Amino acid sequence: MTLHLLKLAVGVNSVEHLAELQAARLVEARAAGRPPLLVHVTRQTPKETAALLDGGSLYWVIRGLVSARQRLVALEPVEGSDGVRRCALVLDPELVETETQSRKPHQGWRYLKPEDAPADRRAGSAEGGDPKLAAELRALGLL
């Protein structure tokens, strides 16, 4: 059974901003001679590894709204410079915009069941303007 993760994108203003930050990280990795992988490091290692890697994605909460997702490619143990073990979430570079969905702030990541995950945004979707307004309209059943 597939399972997803939900994570706040702290300091990110939009899906476009997240894409720019990730592109810059890939450039930095190449310049440093590292493999060009998108990695997000977390303190806790998810216990549901098999379900997450069975088609799971990391859903990004941007400014209070789930707005995008990236497929999880691998979960790898890493050790920080302080000697503490952490988990590297290796992400597919394709950033997929989703329908917006309101979320309250939380620490770390949370599991997200497939039935609770927002759908991918369709091309030509009516959700072009203000994402907060679109989320409110969706919650009212108007979108």
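Since the model is a prediction, treat every value here as computed from it, not as a measurement.

Before going further, it helps to spend a moment on the confidence of the model for the protein chain. Put simply, the protein chain has an average pLDDT of 89, and 85% of its residues get 70 or more. Averaged over each element, pLDDT in the protein chain is lowest for helix α3 (residues 131–139) (64) and highest for strand β1 (residues 4–8) (97).

For the rest of this paragraph, the subject is the nonpolar core. In this structure, Leu5, Leu58, Trp60, Ile62, Leu72 and Leu89 are the most contacted members of the largest nonpolar core, which totals 20 residues. Breaking this core down by element, the ones donating at least two residues are α1 (15–31), α2 (49–52), β3 (57–62), β4 (65–79) and β5 (85–91). Leu72 has contacts with Leu5, Leu52, Leu53, Gly56, Ser57, Leu58, Leu89, Val90 and Leu91, leaving out every residue within four places of it along the chain. Leu6, Tyr59, Leu112 and Ala117 belong to the second largest nonpolar core, which has seven residues in total.

Under the definition given, this model contains five salt bridges. Among the salt bridges present, the one from Asp92 reaches Arg71, with a minimum N-O distance of 3.0 Å. Residue Asp92 is located in the loop between β5 and β6 (96–102), and its partner Arg71 is located in strand β4; the two are separated by 21 residues in the primary sequence. By relative accessible area, which is 16% here, Asp92 ends up buried. Relative accessible area serves as the criterion here: at 39%, Arg71 is assigned to the partly exposed category. Residues Glu97 and Arg121 are paired through a salt bridge, measuring 3.1 Å at the closest nitrogen-oxygen approach. Here the residue Glu97 occupies a position in strand β6, and Arg121 occupies one in the loop between β7 (109–112) and α3, the gap between them amounting to 24 residues. Given the relative accessible area of 29%, Glu97 is considered partly exposed. According to the relative accessible area criterion, Arg121 is partly exposed, its value standing at 29%.

Conventions we followed
Residues numbered from 1 in each chain as written. Predicted model: local features only at pLDDT ≥ 70, side-chain atom pairs only at ≥ 80, totals over all residues. Heavy atoms only, no water. pLDDT = per-residue confidence, 0-100. Helix = DSSP H or I, 4+ residues; strand = E, 2+ residues; numbered from the N terminus. Core = buried A, V, L, I, M, F, W, Y, C linked by side-chain atoms within 4.5 Å. Buried < 20%, exposed > 50% of the residue type's maximum accessible area, 1.4 Å probe, protein only. Contact = heavy atoms within 4.5 Å. Salt bridge = Lys/Arg side-chain N within 4 Å of Asp/Glu carboxyl O.

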